[in-house]
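So the chains spell out like this:
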Amino acid sequence: MEKPNFTIKGNICHTTPDGALSLHPDSYLVCENGVCTGVFPQLPDWAPQTVIDYGDLLVIPGLNDLHIHAPQFTFRGLGMDRELMQWLETYTFPEEAKYKALEYADEAYTIFADHMRRSATTRACVFATIHRPATELLMQKMEETGLVTYVGKVNMDQMSPQYLIEDTAQSERDTIDWLEATIDRFARTKPIITPRFIPTCSSQLLAALGRIAADYNIPVQSHLSENREEIAIVSKLEPDAASYGHAYDKYGLLGGNSPCVMAHCVHSSDIELELIRKRGVFIAHSPESNLNVSSGIAPIARYLDMGLNVGLATDVAGGSSECMFKAMAHAIQSSHMYWRLIDDSWPQLTFADVFHMATRISGAFFGKVGAFDPGYAFDALVIDDSNLLTPKPLTLTERLERLPYLATPQHIVAKYINATPLF
Ligand code: GUN
Ligand code: FE
């Protein structure tokens, strides 16, 4: 297939590798053979002369959501009155059980996929449910959106209600069959190993999933150190592990061989953080979810200072919205409260920090993604902020700074993934 060559003109904004804003007003973003060649103040004579002129609009890299639950989209904004374990029992597990029926899954996943297509998200790590047919249906629907995603069939064989539990051997077999069926089926949608979290997976199942991840060279996603009650359960289940993270690591499920993304890490100990760093694990910071299910506030400024890969995520339906702009705002706001109420020795997060997290850091989970550097995937959003009225002339920095608080999907006038426009 012919790879696209074109040039985009507009206000091109991304971040440098160390997280500073890199702003290029009225500049040219060149795409050759489907990837970025770079940003230039004038149109280079060697560049594709087909210029799509976006005038005064903003052009930013696509936003990458490192953690979202597709089946939970049905109850977004509902059931925010429990903390994690009670929330799972009361709202989440009964809803996820419904995906045994493909008709329900079809209806629900169509709505989810439509919202994701229109959203600011270009790439995502997605949880499905334990059900193989519904997971494959979700993969088909995500493929049709044009987004690039990892989608995981969830594994749970203990501490789960009878209506949402797998037999250990069946869970392992289903996972292998699902991998075999989907590993090469789609261009943009790939499987990811998804133990729900340690409490719902027996050590036998965790060991099997670690072997499968290694055998098939598949990435892993799960939850880590989100809630104190959860952590206490894990320390009972895995008394010899030095931390919750060490329990995953024992089974080969914490990076090392294949990429790994862990949601939350709100209450990670120093020893757990050291292992996260050593294994190159991505942390999916989900600030709204952490507020809604009363998990706490993760010390993200500290994690960034440690050089950890801290990306950003919505964690629907712990988070109420698939909107990554909102996740950016929540990350800034949570950091203010961390600074005010918990520890003021770490700085509050800035717009540049959360923009960097949502683009370049989260993007790195998918490869050369999340910036407009030469050789990076051409993922971009074109944003028309002209209806966000103010009589005051705004600088380019100010226009960007408003996006987490004011931008909605309606402000996105074009979305490119791997150089293909979705709209
Ligand atoms: N831990 C285990 N399952 C879940 C889930 O569905 N959402 C969140 N936020 N945490 C979890
Ligand atoms: Fe989650």
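(A) Summary view of a nonpolar patch on the surface. Judged by side-chain polarity, Met337, Leu341 and Ile342 come together as a nonpolar surface patch covering roughly 310 Å² of accessible area. Along the chain, Ile342 turns up in helix α11 (residues 324-342).

(B) Up close: the site of ligand 1. Around ligand 1, the neighbouring residues are His69, Gln72, Leu84, Trp87, Leu88, Arg196, Phe197, His223, Glu226, His264, Ser289 and Asp315. At 3.5 Å, a side-chain N or O of His223 approaches a nitrogen atom of ligand 1. Here Glu226 contributes a side-chain N or O atom positioned 2.7 Å from a nitrogen atom of ligand 1. Against a free-state accessible area of 270 Å², the protein chains account for coverage of 100% of ligand 1. At three residues, helix α1 (residues 84-97) tops the list of elements feeding residues into the shell around ligand 1.

(C) View of the packing of α11 against helix α13 (residues 396-406). It is the contact of α11 with α13, at a shortest axis distance of 6 Å, that shows an interaxial angle of 100°. Relative to α13, the element α11 is oriented roughly perpendicular. On the side of α11, the interface is formed by Phe325, Lys326, Met328, Ala329, Ile332 and Gln333, while α13 contributes Leu403, Pro404 and Tyr405. The class makeup of the residues in the contact of α11 with α13 is seven nonpolar, one polar and one charged.

(D) Region of the structure containing the coordination of the iron ion (ligand 2). Looking at the iron ion (ligand 2), the protein donor atoms are His67 (NE2), His69 (NE2), His223 (NE2) and Asp315 (OD), and they sit 2.0 to 2.3 Å from it. Given four donor atoms and angles of 90 to 172° at the metal, the environment of the iron ion (ligand 2) is assigned as irregular. Within one chain, the residues donating to the iron ion (ligand 2) are spaced in sequence as H-x1-H-x153-H-x91-D. Taken together, the residues span a long stretch of sequence, with His69 in strand β5 (residues 63-69) and Asp315 in the loop between β14 (309-312) and α11 at a distance of 246 residues. On the basis of relative accessibility, which here comes to 3%, the residue His69 falls in the buried class. Taking the relative accessible area as the measure of exposure, Asp315 reaches 4% and is therefore buried.

(E) Geometry of the packing of aromatic side chains. This model, assessed by the stated rule, comprises 14 aromatic pairs. Aromatic pair Phe73 and Phe112: ring centres 5.6 Å apart, planes at 75°, arrangement edge-to-face. Taken together, the residues Phe73 in the loop between β5 and α1 and Phe112 in helix α2 (residues 102-118) connect sequence positions 39 residues apart. Using a relative accessible area of 2% as the deciding quantity, one classes Phe73 as buried. For Phe112, a relative accessible area of 0% gives the class buried.

(F) The packing of helix α3 (residues 132-145) against helix α4 (residues 168-182), seen in detail. For the pair α3 and α4, interaxial distance at closest approach is 11 Å and the crossing angle is 25°. Judged by the inter-axis angle, α3 sits roughly parallel to α4. For the pair α3 and α4, the crossing hand works out as right-handed. Listed contacts from α4 to Arg132, Thr135, Glu136 and Met139 of α3 are Asp174, Asp177, Trp178, Ala181 and Thr182. Within the contact of α3 with α4, the residues separate by chemical class into three nonpolar, two polar and four charged.

(G) Region of interest: α13. Buried within α13 we find Leu396, Arg399, Leu400, Arg402, Leu403 and Pro404. The secondary structure elements touched by the buried residues of α13 are β1 (6-15), β2 (21-32), β4 (51-61), α11, α12 (351-364) and β15 (380-383).

(H) Representation of unusual backbone geometry in the model. Looking along the chain, the bond that leaves Val316 and enters Ala317 is cis, with omega of 5°. Among the secondary structure elements, Ala317 is positioned in the loop between β14 and α11. Although it is not a glycine, Asn33 adopts a positive phi angle of roughly 50°. As for its placement among the helices and strands, Asn33 is situated in the loop between β2 and β3 (35-40). For Cys265, which is not glycine, the phi dihedral falls at a positive 50°. In this fold, Cys265 is placed in the loop between β12 (260-264) and α8 (270-279).

Criteria and cut-off values
- Residues numbered from 1 in each chain as written.
- Chains lettered and ligands numbered in written order.
- Predicted model: local features only at pLDDT ≥ 70, side-chain atom pairs only at ≥ 80, totals over all residues.
- Heavy atoms only, no water.
- Patch = residues over 30% accessible without salt bridge, like charges linked within 9 Å, V, L, I, M, F, W, Y side chains within 5 Å.
- Areas by Shrake-Rupley, 256 points an atom, 1.4 Å probe, with all protein chains shown as cover.
- Salt bridge = Lys/Arg side-chain N within 4 Å of Asp/Glu carboxyl O.
- Helix = DSSP H or I, 4+ residues; strand = E, 2+ residues; numbered from the N terminus.
- Near = heavy atom within 4 Å.
- Polar contact = N/O pair within 3.5 Å; in protein donor to acceptor, adjacent residues only side chain to side chain.
- Axes fitted to C-alpha atoms, helices over the stretch in contact; angles between N-to-C directions.
- Parallel < 35°, antiparallel > 145°, perpendicular 65-115°, else oblique.
- Contact = heavy atoms within 4.5 Å.
- Nonpolar A, V, L, I, M, F, W, Y, C, P; charged D, E, K, R; others polar.
- Donors = N, O, S within 2.8 Å, 3.2 Å for Na, K, Ca; no water.
- Tetrahedral: all angles 85-135°; square planar, octahedral: opposite > 155°, others 65-115°.
- Buried < 20%, exposed > 50% of the residue type's maximum accessible area, 1.4 Å probe, protein only.
- Phe/Tyr/Trp six-rings, centres within 6.5 Å; stacked < 30°, edge-to-face > 60°.
- Left-handed = near helix turned anticlockwise from the far one by under 90°.

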